[in-house]
Amino acid sequence: MAVTAAMVKELREMTGAGMMDCKKALAATDGDMDKAVEFLREKGLAGAAKKAGRIAAEGIVITDATADEKTAVVVEVNAETDFVAKNEKFRTYAADVAAQALKSTAANMDEFMAEAWDKDTSLTVKEALSSQISIIGENMNIRRYEKLSVENGFVASYIHAGGKIGVLVAVETDVVNDAVKEMARNVAMQAAALRPQYTDRSEVSEEFINHEKEILMAQIQNDPKEASKPEKVIQGMIQGRINKELKEICLLDQVYVKAEDGKQSVSQYVAQVAKANGANIKIVKFLRYETGEGMEKKNEDFAAEVAKQMGM
């Protein structure tokens, strides 16, 4: 069977092996893809194929920005272990992914993975990832990325705990100086620490509010003492609890963690800085990524893993 360029490309994506090695493997197995993978594995060349089933829930969150700071990107790149996540080679690769994502016009992750890799345009982003899996020796994944942009102002970024959490904050402002930039960084640190879900109440849907009201009403009805109260009082209780929740989940409504009086909200802090600098400032949006959030993490007993590898 004739070996085609498409077959070589497919095998290369599957295994991360070199192009010539893939061609030889396909020729040796008469074009049988499964046998070609086994051929490469036997030769120790199919690093990606034999690692692809492992859970990659560790990793790093990294940011990058344009020179004018008007556009920034936050990216999560995963690996299997925290040890590799701290490896300089892995971190350099993640920074290259962020640089590519910053320039990318891809509409989704599939389009992004199909792009030519800037560091070697003979490869796609997906092929370059397979190559890194073989080099680094663990399963890896470019999980997600997202951009923020502003026309008038800048996008601030903050990385916490060496890449465990990354935050972008889009700031519209007619004054950009050190004090305003420090404010934006403080707001980003607030988002990293307190995990808000929304920028402000305008982002909270009616569906969310109604759902929360239903839950609160059920809680009240399950408490005979509260359920016996007048309807007007019950509705007031529900609204009060909703307002309290919104102050916790909306970034600008949260109590500013550095507030000296323990009462100043983030929005009041922003307004204070704006007034002090003669500026018009608006926090437009934020993005918060935490490494591995929502992913299953594989926890294995180390002794059992060693025994398994030794065939005991």
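Structure: see above.
Fair warning: this is a prediction, and the values are worked out from it, not measured in the lab.

Visitor: Just to check I follow, could you spell out the overall build of the protein chain for this structure?
Guide: When you go through the protein chain residue by residue, the secondary structure sums to 13 helices and eight strands. The buried share of the protein chain, taken over its 312 residues, is 43%. Once local pairs closer than 6 in sequence are excluded, the contacts in the protein chain between residues at least 24 apart make up 62%. As displayed, the protein chain has an accessible area near 17,100 Å², and 50% of this comes from carbon and sulfur atoms.

Visitor: I'm lost on helix 1 (residues 5–15) in this one. Help?
Guide: Residue pairs three or four apart in sequence face the same way in an α-helix, which turns once every 3.6 residues. Looking only at helix 1, the buried set comprises Met7, Val8, Leu11, Arg12 and Thr15. For helix 1, the angular spread of the buried residues around the axis is 135°, confining them to a single face. Projecting away from the buried face of helix 1 at angles above 90 degrees are the exposed residues Ala5 and Ala6. Phi turns positive, to about 80°, at Gly16, one or two residues after helix 1.

Visitor: Is there a simple way to think about the sheet that holds strand 1 (residues 58–65) in this case?
Guide: Adjacent strands of a sheet pair through backbone hydrogen bonds, lying either parallel or antiparallel. One open sheet accounts for three strands, arranged 1-2-5; its pairing is antiparallel. Each edge of the open sheet carries a strand with a single partner, namely strand 1 and strand 5 (140–149). Strand-to-strand twist in this sheet, taken as the mean axis angle between neighbours without regard to direction, amounts to 15°. Docked against the sheet, helix 5 (residues 88–103) engages strand 1, strand 2 (71–79) and strand 5, running at close to 140° with respect to strand 2.

Visitor: Looking at this structure, I do not really get the pattern of salt bridges. What am I missing?
Guide: The tally for this structure, following the rule as stated, stands at 13 salt bridges. A salt bridge links Arg144 to Glu76; its shortest N-O distance comes to 2.7 Å. Separated by 68 residues along the polypeptide, Arg144 in strand 5 and Glu76 in strand 2 bring together distant segments of the chain. A relative accessible area of 0% places Glu76 in the buried class. Two residues, Asp96 and Lys119, come together in a salt bridge whose shortest N-O distance is 3.8 Å. Taken together, the residues span a long stretch of sequence, with Asp96 in helix 5 and Lys119 in the loop between strand 3 (116–117) and strand 4 (120–124) at a distance of 23 residues. On the basis of relative accessibility, which here comes to 61%, the residue Lys119 falls in the exposed class. Because the salt bridges share partners, they merge into one network encompassing Glu58, Asp82, Lys86 and Lys164.

Visitor: When you look at the sheet that holds strand 7 (residues 165–173) in this model, what are you seeing that I'm missing?
Guide: Spatial strand order, 6-7-8: three strands in an open sheet with antiparallel pairing. At either margin of the open sheet sits one strand with a lone partner, and together these are strand 6 (153–160) and strand 8 (281–290). Between one strand axis and the next, the sheet turns through 15° on average, direction left out of account. Where strand 6 meets strand 7, eight bridges bridge the pair, whose relative direction is antiparallel. If you follow Gly153 over to strand 7, its bridge partner there is Glu172.

Conventions and cut-offs
Residues numbered from 1 in each chain as written. Predicted model: local features only at pLDDT ≥ 70, side-chain atom pairs only at ≥ 80, totals over all residues. Heavy atoms only, no water. Helix = DSSP H or I, 4+ residues; strand = E, 2+ residues; numbered from the N terminus. Buried < 20%, exposed > 50% of the residue type's maximum accessible area, 1.4 Å probe, protein only. Contact = heavy atoms within 4.5 Å. Areas by Shrake-Rupley, 256 points an atom, 1.4 Å probe, with all protein chains shown as cover. Arc of directions from axis to C-beta. Pairing = 2+ DSSP bridges. Axes fitted to C-alpha atoms, helices over the stretch in contact; angles between N-to-C directions. Salt bridge = Lys/Arg side-chain N within 4 Å of Asp/Glu carboxyl O.

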